[in-house]
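# Observations on the three-dimensional arrangement
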Amino acid sequence: MTRKEIKKFLINIALFVIILVFIDFVLGSITQKIFFSQKTGKYARATYAIREADESIIILGSSHAHRHYVPEVFKQEIGKIAFNAGAEGQQLLYHFGLLKMILKKESKPDLIILNIDDYFLYDTPVAYDRLNDLHPYYGEYRDELYPVLKLNSDFVDLKLFFKGYQTNSTLVHALRYYASPQTTLNGYRPLYGKVTKESLNSMTIFKEHTEKIEGDFVWALKELIKTAKSNDVKLIFVTSPNVLEKDLKGNKSFEKIKQIAKEGEVLFIDYYNDKRFMNQYDLYHDISHLNDDGARLFTKILSNDLLDSNAIKKGSN
Amino acid sequence: MLFNSFEFLIFLPIVFFIYWFVLGRKLHLQNIFLLIASYVFYGWWDWRFLSLIAMSTVVDYFVGIKIASLINDKKRKYWLFVSVVFNLGLLAFFKYFNFFIDSWVDLLHNVGYEVKSVWTLKIVLPVGISFYTFQTMSYTIDIYRNKLQPTKDFIAFAAFVSFFPQLVAGPIERATNLVPQFLSERKFSAKNISYGFKLILWGFFMKLVVADRAGVYVDTVYGNIENHEGLTFIMATIFFAFQIYGDFAGYSLIAIGTAKWFGFDLMTNFRRPYFSKSVSEFWNRWHISLSTWFRDYVYIPLGGNRVSRSRWLLNLFITFVVSGLWHGANWTFVIWGALNGIYLIAEVLIKRKTKFRLLALAYTFVVINFSWIFFRSSSVSEAFSIIKAILTSPGRLFIGSGDDIAASIYTVMAIFLLILVELKREYWSERWSLEKSNLKLVKFSFYALLVFTILYLGVFGESQFIYFQF
């Protein structure tokens, strides 16, 4: 192999890399533009929470958060505006990343409610896989997201160097919500319809987790508490009610969450097995989600409990 | 190490750089280095199983020399027997032991004897064992047949057995093609590297954009068969046809492209199989390295077509059943192989061919898809349930909700794109090829666009290649 050949080869590589970076920059900028111009849908809600939300109360959590906390009721009961940033199917790592980005803004909320699912600390690959939803924000929030995303890959910076990868597979979402906008009430999307005792038998909950506590999730929960504290934002943990009695005996994840809350001096309000909701089929859409009636009642009860416990003061916003 | 992992993205340029720019033209050093790199590549998955590759290498190296040194055919046969028994023994133990025990217990149960299966073992199937054992067997068999002289260069031979681009899922190379390449000087060629890069990129497109996308729907449906109906199974099976094609042809292209970077030519493994107009043509285009291996080392030794007609058809059938069993230790694979054997026999018996090309393409696609049901199902009873549902209860097509719909749309887009490209290559191969442009800017822009498409549409879950399990 001659010197000339090597030189030519290296020039070709350099040329290709330049063209690749250029194409990625141009097309990636277009896909990012499309991504961030979404007005409705899950990404639009996350983007709003991160960049614009100046509401006093922010709700975080999975579909149970998204479907159970009604901002309108918070306004009526507490006199404060809330935004529901719950994300269906998401788990602790995502909520931690989202919280860090939300708290980077100058205007901070008075209260953050994290809806706790009892299995949050149990190991599941899903928690890592779904971190993709944070990728589009990496360019702007690298410092906040790096500690979370590096749990999923040792090559975060290399992967997310490409804008095309940051917005991977988001185009169809964007087009879908352009074609058919999704209506939310300050982030909350009500569920309608009622379960019956009989219909519950045919419903199954897919178990996506093992019964082993994952250290990364414990770390994320502790860091989440620290982040809220360092930003001087009140954080509380809440569990949503369940239609059937939930057997939490021996649930190591739930016990650990309670222990971490206690150590971090975080108020923990537990509505699992709350008699006002247990076996009240009219309040549920399915086996684990309240319908709109149930969500409104739950938010009302929670609002009163928050005021009673001085977690938040009644106000005009 | 997986091709679709970031470890490989780091590993490959390092190995490439050292191979060409540090070791230069020192052939022996290059071979030593390739051997080390290959063992690192394989050991990344599980270093304990390196011992199996090492044993297979040592046995076949010495057996090869021994066979060539003997004149007495009986003795030559004996040493060939040693090699075949050793390699098939490895396969039999790691891949088929539990299968045979369980099948024996089931058989006894069916004739009224209850036997507890205390013999089954917890065995991990070493990745790629079916591939490298077949490759090394071709070496000793070809020496026995006087088609090849054994090499005395142990390092070159060991590098041939463990060559990392094709170690775990082929193409299953013939010793006659690959061993000489380890013994002669490889020349750095920018053209080869550029061509290899193109193959690697297209391989990644097939794997990450087509196969892994299609796999999401396929796994959802085949993982919960009790919740789905006929139309959904048809859709899932069609998606599976593209998943397995994208997965395996994608792997092969990455392997061939990677080998090109190091100056090696590996055989073509797929030639747009879904454009076949008959099942026999399909098998000339699908997993060519395995089909030709079975042709040369099973079908022809059985007598091929130079025997009576009935024996010829039996030979065809046996070859395909064995090929099915090679794929996996499960009756689903045996039936899959048998079905393909039956298709071929039917094509021999019914000589008439339709003049309508589209009809022939459709026929081939449908019957091949029918056999995929067995290939993808986890048990024979599951496969029959699916077939029953397809025939009796079409039901509603499952498209999921929310993110699932988006995933299905991407899958259809990816398959459409693949078909479009293959259609062009099949019928207008030399026309309108941006990648063949003389203008570097156009050519490189095409490659960069392909990289962007993979980054934007690909699934980056570092999923395994399907054929790793075989």
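Since this is a predicted model, take the numbers as computed values, not measurements.

## Description of the overall build of chain B
Per the secondary structure count, chain B includes 17 helices and zero strands. Relative to the globule expectation of 23 Å for 470 residues, the C-alpha radius of gyration of chain B, 23 Å, shows essentially globular dimensions. Here the C-alpha coordinates of chain B stretch approximately 70 × 65 × 50 Å along the principal axes. Out of the 470 residues in chain B, the part that is buried amounts to 43%. In chain B, the share of contacts with a sequence separation of at least 24, taken over all contacts with a separation of at least 6, comes to 75%.

## Digging into helix α14 (residues 292-308) of chain A
Each α-helix turn comprises 3.6 residues. Residues three or four places apart therefore point the same way. Residue and element names in this part refer to chain A. Taking 1.5 Å per residue as the helical rise, α14 with its 17 residues ought to reach 24 Å, and the 24 Å between its terminal C-alpha atoms agrees with that figure. If you check which residues of α14 are buried, you get Gly 294, Ala 295, Phe 298, Thr 299, Leu 302, Ser 303 and Leu 306. Buried positions in α14, seen along its axis, are confined to an arc of 165° and lie on one side of it. Along α14, the residues that are exposed and aim more than 90 degrees away from the buried face are Asn 304 and Asp 308. Looking at the buried positions of α14, the neighbouring elements they touch are α3 (63-68), α4 (71-78) and β4 (234-239). One or two residues past the end of α14 sits Asn 310, with phi positive at roughly 60°.

## Some thoughts on the sheet that holds strand β3 (residues 111-116) of chain A
All names here are of chain A. Strand order in this open sheet of five strands is β2-β1-β3-β4-β5, and the pairing throughout is parallel. Where the open sheet ends on each side, the last strands, each with one partner, are β2 (82-84) and β5 (267-270). Ignoring which end each strand starts from, the neighbouring axes of this sheet average 20° apart. Pairing geometry for β4 and β5, over four bridges, is parallel. If you follow Thr 239 over to β5, its bridge partner there is Asp 270.

## What to know about the interface of chain A and chain B
Tallying the contact residues gives 27 residues for chain A and 20 residues for chain B. Looking at the side of chain A that touches chain B, the elements that each hand over two or more residues are α1 (3-36), α8 (156-159), α9 (163-166) and α10 (171-179) of chain A. For the side of chain A that touches chain B, the element with the most residues is α1(A), which contributes 12 residues. Residue composition of the side of chain A that touches chain B, grouped by class: 13 nonpolar, eight polar and six charged.

## Describing the pairing of β4(A)
Residue and element names in this part refer to chain A. Extensive coverage of β4 is indicated by the burial of five of its six residues. Pairing analysis gives six bridges linking β3 to β4, with the strands arranged parallel. Looking across to β4, one finds that Leu 114 is bridged to Phe 237.

## Quick look at the packing of helix α5 (residues 92-102) of chain A against helix α12 (residues 215-230) of chain A
Residue and element names in this part refer to chain A. Between α5 and α12, the shortest axis-to-axis distance is 9 Å and the interhelical angle comes to 25°. Relative to α12, the element α5 is oriented roughly parallel. Once α5 is placed against α12, the crossing between them reads as left-handed. Taken together, the residues of α12 that come into contact with α5 (itself represented by Leu 92, Leu 93, Phe 96, Leu 99 and Lys 100) are Asp 216, Phe 217, Ala 220, Leu 221, Glu 223, Leu 224 and Thr 227. Split by residue class, the contact of α5 with α12 holds eight nonpolar, one polar and three charged.

## Some details on the nonpolar core
A:Ile58, A:Leu93, B:Phe205 and B:Val210 are the most contacted members of the largest nonpolar core, which has 203 residues in total. When residues of this core are sorted by domain, at least three fall in each of domain 1 (6-188) and domain 2 (191-277 + 353-457) of chain B. What A:Ile58 contacts, discounting residues up to four positions off in sequence, is A:Ala49, A:Ala53, A:Phe83, A:Ala85, A:Ile102, A:Pro109 and A:Ile112.

## Quick look at the packing of helix α3 (residues 50-69) of chain B against helix α6 (residues 154-162) of chain B
All names here are of chain B. Remark: α3 packs on α6, axes separated minimally by 10 Å, with the N-to-C direction vectors making an angle of 130°. Comparing their axes, α6 and α3 come out oblique. Between α3 and α6 lies a crossing whose hand is right-handed. Seen from α3, the contacting residues are Ile 53, Ser 56, Thr 57 and Tyr 61; seen from α6, they are Phe 154, Phe 157, Ala 158, Val 161 and Ser 162.

## Here's the deal with the domain arrangement of chain B
Residues and elements named next belong to chain B. As assigned here, chain B comprises domain 1 (6-188) and domain 2 (191-277 + 353-457). The gap between the C-alpha centroids of domain 1 and domain 2 is 29 Å. Counting from both sides, the interface comprises 14 residues of domain 1 and, opposite them, 13 residues of domain 2. Broken down by secondary-structure element, the contributors of at least two residues to the side of domain 1 that touches domain 2 are α1 (6-22) and α7 (175-183). Here the side of domain 1 that touches domain 2 gets three residues from one element, more than from any other, and that element is α1. Its residues placed into classes, the side of domain 1 that touches domain 2 shows seven nonpolar, four polar and three charged.

## So, unusual backbone geometry
Unusually for a residue other than glycine, A:Asn186 sits at a positive phi of about 50°. With respect to the helices and strands, the residue A:Asn186 is situated in the loop between α10 and α11 (197-201). Among the residues examined, A:Asn186 registers 21 C-beta atoms within 10 Å and is labelled buried. The residue B:Arg272 is not glycine, and still its phi comes out positive at about 40°. Note on placement: B:Arg272 falls in the loop between α9 (230-261) and α10 (279-285).

## Quick look at the pairing of strand β1 (residues 57-60) of chain A
Residues and elements named next belong to chain A. Taking every second residue as pointing to the same face, both faces of β1 are buried, with Ile 57 and Ile 59 on one and Ile 58 and Leu 60 on the other. Pairing geometry for β1 and β2, over three bridges, is parallel. Looking at the pairing, Ile 58 lines up with Phe 83 of β2.

## What about helix α2 (residues 27-46) of chain B?
Residue and element names in this part refer to chain B. For α2, spanning 20 residues, the distance from its first C-alpha to its last is 29 Å, which sits close to the expected 28 Å at 1.5 Å a residue. Of all the positions in α2, only Gln 30, Asn 31, Leu 34, Leu 35, Ala 37, Ser 38, Phe 41 and Tyr 42 are classed as buried. Check the buried side of α2 and you find it contacts α1, α3, α6 and α7.

The rules behind the values
- Residues numbered from 1 in each chain as written.
- Chains lettered and ligands numbered in written order.
- Predicted model: local features only at pLDDT ≥ 70, side-chain atom pairs only at ≥ 80, totals over all residues.
- Helix = DSSP H or I, 4+ residues; strand = E, 2+ residues; numbered from the N terminus.
- Rg over C-alpha atoms; globule rule 2.2 N^0.38 Å.
- Buried ≥ 20, exposed ≤ 12 C-beta atoms within 10 Å, placed from the backbone.
- Contact = placed C-beta atoms within 7 Å.
- Expected span 1.5 Å × (residues − 1).
- Arc of directions from axis to C-beta.
- Pairing = 2+ DSSP bridges.
- Axes fitted to C-alpha atoms, helices over the stretch in contact; angles between N-to-C directions.
- Nonpolar A, V, L, I, M, F, W, Y, C, P; charged D, E, K, R; others polar.
- Parallel < 35°, antiparallel > 145°, perpendicular 65-115°, else oblique.
- Left-handed = near helix turned anticlockwise from the far one by under 90°.
- Core = buried A, V, L, I, M, F, W, Y, C linked by C-beta atoms within 7 Å.
- Domains from an automatic or database assignment.

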